[in-house]
Structure formats: C-alpha cells, structure tokens
Amino acid sequence: NWNEDRKRRIRKMNKYDLLIKNGMIHTAVESFEAEIGVSEGKITAIGQNLGHAERVIDAEGMLVLPGGIDAHCHIEQESSTRIMTADDFYSGSVSAAFGGNTTFLPFAAQHRGQSLREVVDTARERARNKAVIDYGLHLIISDPTQNVLEEELPSLIKEGYTSFKVYMTYEMLKINDGEMLDILAIARRHGALTMVHAENNEVINWISERLIRRGYNAPKFHAVSHSPLAESEASRRAIDLARLVDARMLIVHVSDAEAAHSILQARNNELTIYGETCPQYLFLTAKDLDQEGMEGAKYCCSPPPRDKASQEAIWKGLKNGTFQVFSSDHAPYRFDESGKFHAGRDASFNKIANGVPGLETRMPLLFSEGVGKGRITINEFVALTSTNAAKIYGLYPRKGSLVIGSDADIAIWDPKWVRTIKKEMLHDNMDYTPYEGMEVKGWPRIVISRGRIAVEEETLKVDRGSGEFLPRTPAEAGRELPISSPLSPSRNFGAKLL
Ligand code: URP
Ligand code: ZN
Ligand code: ZN
C-alpha cells in the first residue's frame, strides 16, 4: 500500500537509522569532531557529511562519549545477612541509564551451601524481564567446594561469567587464604579474573569487640573498626597470593593511600593487578558517619570513607594509573528496617547494613569534580568509567568504545548542565542519596543503548526487559608461565603446582 511504499522509499534514502551530528567525540585515547552513523544497533560510520538518517541528533555543544559501564553494583541481591537490596534489575538499570550508563555488571552471589549454577539461574531470571540496559554478571564465591572449583566454575567461565568476587571479610562470605589460592588457580587456568574485597576480618572484629565493650556503638565507630590497616594488610596479602600463582587480580573499592600504593607497586613489578575505586572515597569522609542519632548509618560502607588526605590519594591514583576502574559499588539499603536497620533502629555499628547507593551519580560526580575541575582529562574520564572496564571484563570492543562495529552505546553529555543532586530526581528505589545537595556541572542529555534512545528529555524511552545479557570473553586462558625452568625457585613457584 501507499504508506508502506512511502516508508520503504524513506528507508532507502536514509543510510542510517540514527545520525549524531555536530558533537565532539571523546574516546579513552582521543577527541575529534565527527558524525556517527548508526544502523541496526551498531556504529556503522564515523566521519564527515555522512548523509541522511531516519533520526538526526544535533549534538552541538555536547560531548559524545561511550556509554558508561558500571562494573560493580549490587542489584536484586541478598547480602550475607540475607537482606535484599532495594533495587531490582528494573529500578537499578533505569537509574544507571539516567546516569549515563549503557551497561552494568551486578553480581550473582553464592551463599554457603548453594550451587553456583543455581545462583546464576536465579540472577538471570531476576534480570530477564526487568533490565533496560545490557548487563553481564560477576559471580560471588563464598563456598569454593571441590564441585564449585572443578565443575561449576570452569563451565560457567566458558558460558561468559568470567569474573568473580571473593571476600576476605564478612563472617558469612569470607574465604581463607588457601581457598583464595584455589580460586586464583582456577581463574588463571581458565582466563577469568578474581576481584577481591580486601579487609582483614580478624582486625575488624578485634577492634569492634573492644569498642562495643566500652559502649561505643554509634555508626561513626564503623569507620574506626574498619581501620585502613585492615585494608592495606589484606590488599598486600591478596596481591602476594596472586603473585604466588601468577594470577590476575582486581582489588575492588580501594579507599586509602596505603592499599592504593601496594597496587601501583605490584604493577610496577609487572604483576597484573588492577585497582578499582568509587565515588564514596572521593566525596565522603568518616566525618559523614559522625552525626546526630543514627544519621551516620547512611554512610556506612566497607571499606568506609576515610579523610581528606585519603581523598587526595585516591584522586592521585585515578590520575597516575593506580586505578583502571571507577565503579559505584551501588549497594542500596534503605534507611529503615528493610535495609540499614535490619537488626533494629538502635543496633550497634557492626549490625548496620553496609553499602551506599550511587549508580546514577557516579559519572556526573566524576565528570564535574574530575573533568570540570581539571583533575583528570575527558579521555581519562572515558577510560575510567567505560573503556577500561570493557577491556578488563571481556566486553571490548563491543562495549566501551566508539568504533565502527561496536554497539551504538552512546551518552550525549551537556557539559554546562548544572544540577543539584536530590533524592527526588534520582530513579533508584532508595530513600536517600549520600550526595544530597551537591551541585554538579555536566550530565547526559541523551543516552543511547544499542542504537535505541534509552533516555531523552529526562524521560525513559525503552521497555522493561529490553536489556540483553552479555556473555563475556575470558582473557589469556591457559597462558604460558613466565618461568623457564620448572625447578628454579622463584616467587611465583606456586604457579608450577597448579
Ligand atoms: O559496603 C559495601 N561495600 N557493601 C556492598 C558489598 C561489598 O562489599 O561490596
Ligand atoms: Zn566489597
Ligand atoms: Zn560491592
């Protein structure tokens, strides 16, 4: 019919589904002026005068960046004490999209006694009909039985679950050093990456018991009990374990100078040790926990925010290559009995649910305070919030880059948009934001996910459940050992025993 004919003629004239014009493109390595043509969800052209498209976006005065990848967030996940996060895959992904993200990587968390397969099936089912942006899943391993190590992990890695987090603290999650070595060995053999929550559990318990015995129960003592030494000791130990078996490792949510230093030092010694940090270590301090009543509970996360000097050290680490990844560690527990106060309104600091929300504010905060204030370049911003995560976690070049053939995951940023962060403007399911009242300059106006406009004019444009699962590629599986003689004693001797 006439209408169909007309549509066909228009489609023929338009080379692209979508064309982004007049914007400045910024990747992790360069900045340049060009148009981007998108067809069937992929970037199919980058250049000048690309022609016509069904939809043209005029990005005059805007920055055209790869969509963000939030590589650390807890979504529809039970904590070690079995409290459910406030965000499910719908609210979590919507919030992420409004903050400029087009991919996120939550966790499928194993609790002791559970099979990993069961855990993964549950997480996939939870995500399937809800996520609005694409997602991969890391595993959390708390019970590395022989079956988990020898059967489940190798087959799950092959299926695209190529990274797993382990905990050195939290009573119900922590593994011991021997178990960590077992996990690192499997990761090395199959090309997976081990992410480590590095805090010394014994140190934290030892201090906590003494504080509580003296009646020091308030939220501010959370920061006292989680000493920076507990973090730096555990980070060094974790790095040495990785070194023993020549495995890759990423230390997550680093809060302090000493732990940061050991990561940089390890990489200077040519070990593949990566570092991640988060907004809470740049924009909060232990003073935020020291407030009237239980208000400080809003800022209880582990490791805790430290002091001004630590903030400076973390900024330095973002600049000097200590950290490759800047993630939110979005761990949303509401300021009520369903979350923070699951153990009661007057519970002592060590019974308050750990974690802060931050999916939607992660990129605007770093953009405003980092790029806007000249602490990092726009290209470093792209690397830290998107490209490096894609590379480290096996999503590159499909995600995290603006090149021909990659998914058209694009955030169009207005660098002049000034907003005051308020809980009401955010799209997560939380009842507070730790950044309430902070003024930021720069926020994405349009977010594009696989060529689809996901967010525009402060409105969600994509359907519930339209995000896709991303199986990821393992790295360097079965790589050769860098040791020539199997008998020469060396520091990574353990690698010969795998
Ligand atoms: O306090 C935090 N970070 N809670 C979330 C779980 C974790 O350890 O990352
Ligand atoms: Zn953690
Ligand atoms: Zn976390």
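Here is a short report on the structure shown in this document. Here the structure is a predicted model, which is why all the values come from computation and not from measurement.

Spatially, the three strands line up as an open sheet ordered S8-S9-S11, and their pairing is parallel. At either margin of the open sheet sits one strand with a lone partner, and together these are strand S8 (68–70) and strand S11 (134–135). As paired elements, S8 and strand S9 (residues 101–104) share three bridges and run parallel to each other. What sits directly across from Ile69, in S9, is Thr103.

Quick look at the site of ligand 1 now. The local shell around ligand 1 holds 13 residues, among which His74, Lys165, His197, Ser302 and Asp329 are the closest. Within the side chain of His197, an N or O atom sits 3.0 Å from an oxygen atom of ligand 1. For ligand 1, the protein covers 94% of the area, taking 270 Å² as the surface of the free molecule. A molecule is said to occupy a pocket when more than half its atoms come within 2 Å of that pocket's grid points, and by this definition ligand 1 occupies the largest pocket. Looking at the shell around ligand 1 residue by residue, the classes come out as four nonpolar, seven polar and two charged.

Here the focus is the packing of aromatic side chains. Overall, the coordinates contain 13 aromatic pairs when judged by the stated rule. Geometrically, the ring pair formed by Tyr167 and Tyr170 is tilted, given 5.5 Å between the ring centres and 55° between the ring planes. Judged by relative accessible area, Tyr167 falls into the buried class, the value being 4%. Between Phe335 and Phe341 the ring centres are 5.0 Å apart and the planes differ by 65°, which places this aromatic pair in the edge-to-face class. Judged by its relative accessible area of 18%, Phe335 falls in the buried class. Directly above the aromatic system of Phe335 lies the positively charged group of Lys298, at a separation of 4.9 Å from the ring centroid.

All right, on to the layout of surface pockets then. Approximately 760 Å³ is the volume found for the largest pocket. Of all the elements in the fold, those that place two or more residues in the lining of the largest pocket are strand S13 (163–167), helix H6 (201–213) and helix H7 (220–225). In terms of residue count, H6 provides more of the lining of the largest pocket than any other element does, five residues in total.

This paragraph deals with the packing of helix H8 (residues 228–244) against helix H9 (residues 257–268). Interaxial distance between H8 and H9 falls to 8 Å at its minimum, and their mutual angle equals 20°. Judged by the inter-axis angle, H8 sits roughly parallel to H9. In this structure, H8 crosses over H9, and the sense of that crossing is right-handed. Contacts between H8 and H9 involve Leu229, Glu231, Ser232, Ser235, Arg236 and Ile239 on the former and, on the latter, Glu258, Ala259, Ser262, Ile263 and Ala266. Here the residues of the contact of H8 with H9 sort into five nonpolar, three polar and three charged.

By the definition in use, this model includes zero disulfides. Left unpaired, Cys73 is separated from the closest cysteine sulfur, that of Cys278, by 11 Å. With no disulfide partner, Cys300 has as its closest neighbouring cysteine sulfur the one in Cys301, 7.8 Å distant. Residue classification places Cys300 among the buried positions, given a relative accessible area of 0%.

So, about the nonpolar core. Counting 103 residues, the largest nonpolar core has Met180, Ile251 and Phe381 as the members making the most contacts within it. Residues in contact with Phe381, not counting those within four places in the same chain, are Leu65, Met363, Leu366, Phe367, Val371, Ile376 and Trp413. Leu105, Tyr167, Leu173 and Tyr274 belong to the second largest nonpolar core, which has 20 residues in total.

For the crossover that starts at S8, traverses helix H2 (residues 89–98) and ends in the parallel S9, the hand is right-handed. Looking at chain direction, S9 and S11 are connected through two bridges and run parallel. Among the inter-strand pairings, Thr103 is bridged to a residue of S11, identified as Asp134.

This brings us to the environment of Ala383. Mapped onto the elements of the fold, Ala383 is located in helix H13 (residues 378–392). Distance in space between the C-alpha atoms of Ala383 and Gly178 is 34 Å, their sequence separation being 205 residues. With sequence-adjacent residues up to four places away left out, Ala383 is seen in contact with Ala28, Gln324, Asn388 and Ala389.

Thresholds, definitions, all that
Residues numbered from 1 in each chain as written. Chains lettered and ligands numbered in written order. Predicted model: local features only at pLDDT ≥ 70, side-chain atom pairs only at ≥ 80, totals over all residues. Heavy atoms only, no water. Pairing = 2+ DSSP bridges. Helix = DSSP H or I, 4+ residues; strand = E, 2+ residues; numbered from the N terminus. Near = heavy atom within 4 Å. Polar contact = N/O pair within 3.5 Å; in protein donor to acceptor, adjacent residues only side chain to side chain. Areas by Shrake-Rupley, 256 points an atom, 1.4 Å probe, with all protein chains shown as cover. 1 Å grid on protein atoms, 1.4 Å probe; cavity = no way out; pocket = protein on both sides within 12 Å on 5 of 7 lines; lining within 4 Å. Sits in = over half its atoms within 2 Å of the grid points. Nonpolar A, V, L, I, M, F, W, Y, C, P; charged D, E, K, R; others polar. Phe/Tyr/Trp six-rings, centres within 6.5 Å; stacked < 30°, edge-to-face > 60°. Buried < 20%, exposed > 50% of the residue type's maximum accessible area, 1.4 Å probe, protein only. Lys NZ or Arg CZ within 6 Å of the ring centre and 35° of its normal. Points joined across faces, edges and corners; volume = space filled by probe spheres on them. Axes fitted to C-alpha atoms, helices over the stretch in contact; angles between N-to-C directions. Parallel < 35°, antiparallel > 145°, perpendicular 65-115°, else oblique. Left-handed = near helix turned anticlockwise from the far one by under 90°. Contact = heavy atoms within 4.5 Å. Disulfide = S-S within 2.5 Å. Core = buried A, V, L, I, M, F, W, Y, C linked by side-chain atoms within 4.5 Å. Right-handed = clockwise from strand over helix to strand, strands pointing away.

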